[in-house]
Structure formats: structure tokens, C-alpha cells
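# Secondary and tertiary structure notes
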Amino acid sequence: MLRTHTCGELRISHVTIPVTLCGWVQRSRKMGGMTFIDLRDRYGITQLVFNEEINAALCEQANKLGREYVIQVRGTVNERSNKNANLPTGEIEIIVSELKVLNSALTPPFTMEDNTDGGEDLRMKYRYLDLRRSNVRANLELRHKITIEVRSYLDKLGFLEVETPVLIGSTPEGARDFVVPSRMNHGQFYALPQSPQLFKQLLMVSGFDRYFQIVKCFRDEDLRADRQPEFTQIDCEMSFVEQEDIISIFEGMTKHLFKSILGIEITDPFVRMTWQDAMTYYGSDKPDLRFGMKFVELADYMKGYGFQAFDEAVYIGGICVEGAAYYTRKQIDALTEFVKRPQIGAKGMVYARVENDGSVKSSVDKFYSQEVWQEIKKAFGANVGDLMLILSGNNVMKTRKQLCELRIEVANQLGLRDKNTFVCLWVTDFPLFERDEELQRLTAVHHPFTSPQPEDIHLLDNHPEAVRANAYDMVINGVEVGGGSIRIHDSELQNKMFELLGFTPERAQEQFGFLMNAFKYGAPPHGGLAYGLDRWVSLFAGLDSIRDCIAFPKNNSGRDVMIDAPSFIEASQLEELGLTVNVKDK
Ligand code: ASP
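Computed from a predicted structure; not experimentally measured.

## Let's talk about unusual backbone geometry
Geometrically, the link from Ala 565 to Pro 566 is a cis peptide bond, its omega value of 0° lying close to zero. A positive phi angle is found at Thr 16, which is not glycine, with a value near 85°. Mapped onto the secondary structure, Thr 16 falls in the segment before β1 (18-31).

## Re helix α1 (residues 56-63)
When we look at burial in α1, the residues that qualify are Leu 58, Cys 59 and Ala 62. Buried residues of α1 fall within an arc of 100° about the axis and therefore sit on the same side. Looking at the packing, one finds that the buried side of α1 touches β2 (34-41), β3 (44-51) and β5 (92-103).

## Regarding the site of the ligand
Gln 197, Lys 200, Arg 219, His 446 and Arg 487 are the nearest of the 14 residues found near the ligand. Separating an oxygen atom of the ligand from a side-chain N or O atom of Gln 233 is a distance of 2.8 Å. His 446 is positioned with one of its side-chain polar atoms (N or O) 2.8 Å from an oxygen atom of the ligand. Considered on its own, the ligand offers 270 Å² of accessible surface; in the complex 92% of this is hidden by protein. Mapped onto the shell around the ligand, the elements with two or more residues apiece are α5 (197-205), β21 (479-486) and β22 (526-532). Top contributing element to the shell around the ligand by residue count: β22, with three residues. Residue classes in the shell around the ligand are distributed as two nonpolar, eight polar and four charged.

## A short note on the packing of helix α4 (residues 134-156) against helix α6 (residues 243-262)
Orientation of α4 relative to α6, taken along the N-to-C sense of each, is 135°, at an axis distance of 10 Å. Here α6 runs oblique to α4, going by the angle between their axes. In this structure, α4 meets α6 at a crossing whose hand is right-handed. Judged by residue contacts, Leu 142, Lys 145, Ile 146, Glu 149, Val 150, Ser 152, Tyr 153 and Leu 154 of α4 engage Ile 249, Phe 250, Gly 252, Met 253, His 256, Leu 257, Ser 260 and Ile 261 from α6. Classifying every residue of the contact of α4 with α6 gives 10 nonpolar, four polar and two charged.

## What to know about the sheet that holds strand β14 (residues 350-354)
Spatially, the five strands line up as an open sheet ordered β12-β13-β16-β14-β15, and their pairing is antiparallel. Where the open sheet ends on each side, the last strands, each with one partner, are β12 (296-297) and β15 (360-362). Pairing analysis gives three bridges linking β14 to β15, with the strands arranged antiparallel. Paired with Val 354 across the strands is Val 360, a residue of β15. Docked against the sheet, helix α12 (residues 396-413) engages β12, β13 (315-321) and β16 (387-393), running at close to 15° with respect to β13.

## Side note on the packing of aromatic side chains
For any pair of aromatic rings, the description consists of the separation of the ring centres together with the inter-plane angle of the planes. In total, this model carries 22 aromatic pairs according to the counting rule given. Both rings, one in Phe 307 and one in Phe 367, keep their centres 5.1 Å apart while their planes meet at 35°; by these two values the pair is tilted. Linking Phe 307 in the loop between α8 (299-302) and α9 (308-311) with Phe 367 in the loop between β15 and α11 (370-380), this pair joins segments that are 60 residues apart in sequence. Between Tyr 368 and Trp 373, the aromatic rings sit 6.0 Å apart at their centres with planes inclined by 65°, giving edge-to-face as the arrangement.

## Topic: helix α7 (residues 275-282)
Considered for burial, the residues of α7 that qualify are Trp 275, Ala 278, Met 279, Thr 280 and Tyr 282. Taken together, the buried residues of α7 touch β11 (271-274), β12, α12 and β17 (424-428). A positive phi of about 65° marks Gly 283, the residue just after α7.

## Some words on the pattern of salt bridges
Within this structure, the stated rule accounts for 39 salt bridges. A salt bridge links Glu 244 to Arg 272; the shortest N-O distance between them is 2.8 Å. Of this pair, Glu 244 sits in helix α6 while Arg 272 sits in strand β11; the two residues are 28 residues apart in sequence, bridging distant segments of the chain. With a closest N to O distance of 2.8 Å, Asp 456 and Arg 468 form a salt bridge. Taken together, the positions of Asp 456 in the loop between β19 (441-444) and β20 (471-476) and Arg 468 in the loop between β19 and β20 put the pair 12 residues apart, joining distant regions of the chain.

## Some remarks on the UniProt feature "domain: Aminoacyl-transfer RNA synthetases class-II family profile" (unreviewed entry) in the protein chain
Within this structure's numbering, the places UniProt gives as "domain: Aminoacyl-transfer RNA synthetases class-II family profile" (unreviewed entry) are residues 140-566. Each end of residues 140-566 is marked by a C-alpha atom, and these two atoms are 25 Å apart; helix forms 32% of the span and strand 21%.

## Observations concerning the environment of Gly 187
Checked against the element boundaries, Gly 187 lands in the loop between β7 (179-181) and β8 (189-191). Considered as a pair, Gly 187 and Glu 322 are 135 residues apart in the sequence and their alpha carbons are 62 Å apart.

Parameters and conventions
Residues numbered from 1 in each chain as written. Predicted model: local features only at pLDDT ≥ 70, side-chain atom pairs only at ≥ 80, totals over all residues. Heavy atoms only, no water. Helix = DSSP H or I, 4+ residues; strand = E, 2+ residues; numbered from the N terminus. Buried < 20%, exposed > 50% of the residue type's maximum accessible area, 1.4 Å probe, protein only. Arc of directions from axis to C-beta. Contact = heavy atoms within 4.5 Å. Near = heavy atom within 4 Å. Polar contact = N/O pair within 3.5 Å; in protein donor to acceptor, adjacent residues only side chain to side chain. Areas by Shrake-Rupley, 256 points an atom, 1.4 Å probe, with all protein chains shown as cover. Nonpolar A, V, L, I, M, F, W, Y, C, P; charged D, E, K, R; others polar. Axes fitted to C-alpha atoms, helices over the stretch in contact; angles between N-to-C directions. Parallel < 35°, antiparallel > 145°, perpendicular 65-115°, else oblique. Left-handed = near helix turned anticlockwise from the far one by under 90°. Pairing = 2+ DSSP bridges. Phe/Tyr/Trp six-rings, centres within 6.5 Å; stacked < 30°, edge-to-face > 60°. Salt bridge = Lys/Arg side-chain N within 4 Å of Asp/Glu carboxyl O. UniProt positions renumbered as here; feature names shortened; annotations may be inferred.

This is how it looks when you write it as C-alpha cells:
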């Protein structure tokens, strides 16, 4: 080994011992005849000291070191007179007796500090340097710890980690596939898995009744802060289980992660909410329950008083913001502008304050008497000092989504989305189908392998949109951190599902014949779920984007700016693949 210790490990107890350290020059300071260097490695920072009076040549050598040079030093551990309480090694320093430059370095394009001067693009281009920063490194360490805890929890319960292939055919999970051309079969393509869904179900047919895999999945979707084209799932499947079994095992895993990683003991069972209630009361299938502001429906209270917007509305709903009556006109105007943004699309917002005497003062007092307001106040459960915000619209779902945005915006403004508070929720009873207006057909809300609830099966033919699925999502603080379902294990029901989703029998056979066949050879009842590992890490690290917990992420356009991918390929490669490329605009 080129070193005896790391840069994070020496303490006062090591004083007087000889050591050899290796690392990067983070910073150097010259003070009088002394030179101080912060030597950094993955484990921390240790201060090196060079004294001109004791060894002028060595000191001169130290003064020539540039930032990020890689060096090896020998020396003795010394107690610092000027201790640094912010540094674990802050009580000691190394009096250096020998210095060797292991490698020089160009001046880095940004500083390797927690608060770097490098912008996102630059940091991504030089991601290998960005990863030297301790906060980015800490995210990867956290990621590692989470995967270790996941493996240990699942292993103890008899889950077996099995790898499934990456070059496969399409697995419909609702996104576009990334495809890979086949050299040996011109004109044919592999698809990269959107998830190992079909393989894990086949493993159940094979009898591996508890499977998991920490696995890369690929989806060609528009990117957002919580989405990457390739991401990692903790993918799980079990046989001979019902929804409650899955919920109990994975609620247990979640509690285990909170305890082992964050030291937080969650003793209560998670909140449960049906999809319908989540939509009705929060306008979202992943409500953030760290704060209230549950929707109140007001059509019965507010229609028929001559206020046109409301009289014509199909849906009128509002939230009560506790203690926010102090909001100024300016703040309220800003909220109105917020909901009117094209991305949100509300026409306007009505507000009402509960005054000190209990009376209500609103922006539509012309239309509503105090009596009506008192009823509305009761419906909200509003008290003195509260602010009621009301939206209306012609489309129930759309208006609820607008109200959902407003609820979150207000919570952000009031600081109600504290990153250290966690509320875990199961959303259950998702619908099996939704209608895709563009495609003019039904699509699966979860995926085509999700089973309908037995008591709704009779609705499949005539009211498919009313059929509820045996599907569940785990939601923490408004983030969908996992989801799954009890699967269909009967080839006839699976066929029926494909038919309802608009597959011809031939296409269903072509694409999923292997699965339907497998189901004929003794498929056990089974179900499972997948957690999004990247989302877990960013949740635990309090990050705003999953990019920050991925070693080499893609940017918002799906590019890896460091290796400059995707890129064009050689004509000879295209020829081998039997492909011609017809790019319209470069
Ligand atoms: N394959 C599903 C997904 O990727 C998870 C599951 O149903 O287990 O969302």
C-alpha cells in the first residue's frame, strides 16, 4: 500500500506516530515561513505542515504544488495548536518529512468544495471531478448503504437475487422502448427492459417464490427532475401472496431502511388511501401528507348565486390554509397568477378570509351573503385567521389537478414541506384502465399484467374504466417511491386483458405468447412491486433531483455530456447492422 492511513482517520490518539498519506491537494496556504496543505481523499481532509526553517527545500517543493495534484507524504502526527472543530481530523496535523508528487493536475474547471463555483453543465462535463466533492460523494455512499440494507433485509426473508437479461423484447410499462439493432438478424431489434416485469413473473412460474433484483431499467420518456432514461429499481416478486402480504413485507422493508439509514423509527402502520380518495381530496395519486389542506367540494354551496364562473362550473373546490388570512393582496394576486400559468391553466381564483369577528371577507362578496359564507366556512372547518382558496372548472380531474398545484405551492410558501419529516402512504385500488383520448382506446394504468379486483371482474366488458386493480403505490412526501400489483396468473384472463387493451389475438400471441404459454404450465398466484432506488436515495439525502445521487447521470435532454452520447456511429458499423440512417436535421 502506498499509504498507512486515509485522510479521514487520524485523531489525537495517533499523535507522534509516523504515517504515510496519499491524496489530492485541496488547498494550500502560506503563512510566514509555514505552508499548510489540505490533503483530501474519499475519507476526509488532513492538514499537512511544512516548515521553511526546518526544511527549506521541502517547503519549496510544497509551495510548487498545484490544486488537485496527487501526492504522497511521510511525516509524524502532531497535535494542532489551532484546532478545527469542524473537521473530524481537526485536532491533528502532519509534520511532513518527505513529499512525492504522484501526479500533477491541470487547474480544475471548478473548485472541489461543497459550494462549488461550477454550474451544472460544467460539473456534468467533468463529472469525475464533481464526484470528488464531499456532498456528491456522500450521496453515492448513502446509495451504497441503502442497497446493502435492502439486500440484507430481503436475504433474511429468503428472497433470491436473480439477474434477468438486458437485451430483450418490449415490456409494455407505458413508455417508449430504447432499442438495439441486431447485427445477426438484420432489420430486427432488441428492446432494453422498461422493467424485468415478465422475467420476474416467469421466475414465479419456475418456482423461485421470492425474487428480487437491483436492476437498471430503461424508458424513453420525457425527462424531469425525478426521471432519467436509465434508472435503478429494487424489483421484487413473490408467489402465494395477496396484496396484504406484499404490503406488510415492503412496509417492513421501508421501516427497516428508515431505521438503519436515518435512525428514524416508524412504529405506526402507513396511512392507506384509495386512489379515488387521493384524487378527490388531493387531486393527485401521490399526495404529500406532511400537511393538510384537504380539498372541500363546494358546488352544493356556491352554485346558483349569479357568479357566472361558478354557476357554469362542473367542479368547484377549495382548500383552507390555516392561519394564512394575513396574506396580503399582493401575495394573493401572485397565487392567482400562479394558477393562471399556462402549465396549470386555471381561469382564476376566489379567496376568502375569516376575520377576527368570525365574519368572512371574500373576493366575491357581491354574490355571496354572509350566511352563505358561514355555511362554506363550516364546510371547510375554517377558523378565525384562516384563508380559503377556491378554484372552479369544467373538467373535474383537471380542476382538481390545478387545486393540487395550488396546495403544493402554498405549502412551499409556508415551509410545510420539511425535508426531515416523512409521511408514508399506500395508495390502493387504482383503476385497471384509463382511456387514452389520443389513441381512442383503453390503456393499462399500471401494466397489462395487473389483475382486476375479483368483485369488479363482471364490469370488464361493459364498464372497464370502473374496474379497480389489485395495484398499490407507496408514496412518501408526495413522491411515488414504489408500486406494484397482484398479477394475473391465468392465461385466459390475461388474454382477455390484451383484448381489452386493443391487441389482436395474433399480436398478443406474437408479443406475449411465451407468457401465456408459461401460465398453462402451473403458474402460482403471484404479485410484487418495484421501488425506485434513485428516488429513495434522493428522498433520504433531501435532494431536489435524482441526478445528484447517480454517479454518471444524463442531462435533461437525455445526453451524457461527459462522454458525449448519444452519438453518430461509423458507416461501417451501420453497414454491419444493415441500417441506413435518414436524419432530417442534424
Ligand atoms: N414492473 C413494475 C414497474 O416497473 C413494478 C411491478 O409491478 O412490480 O413499475
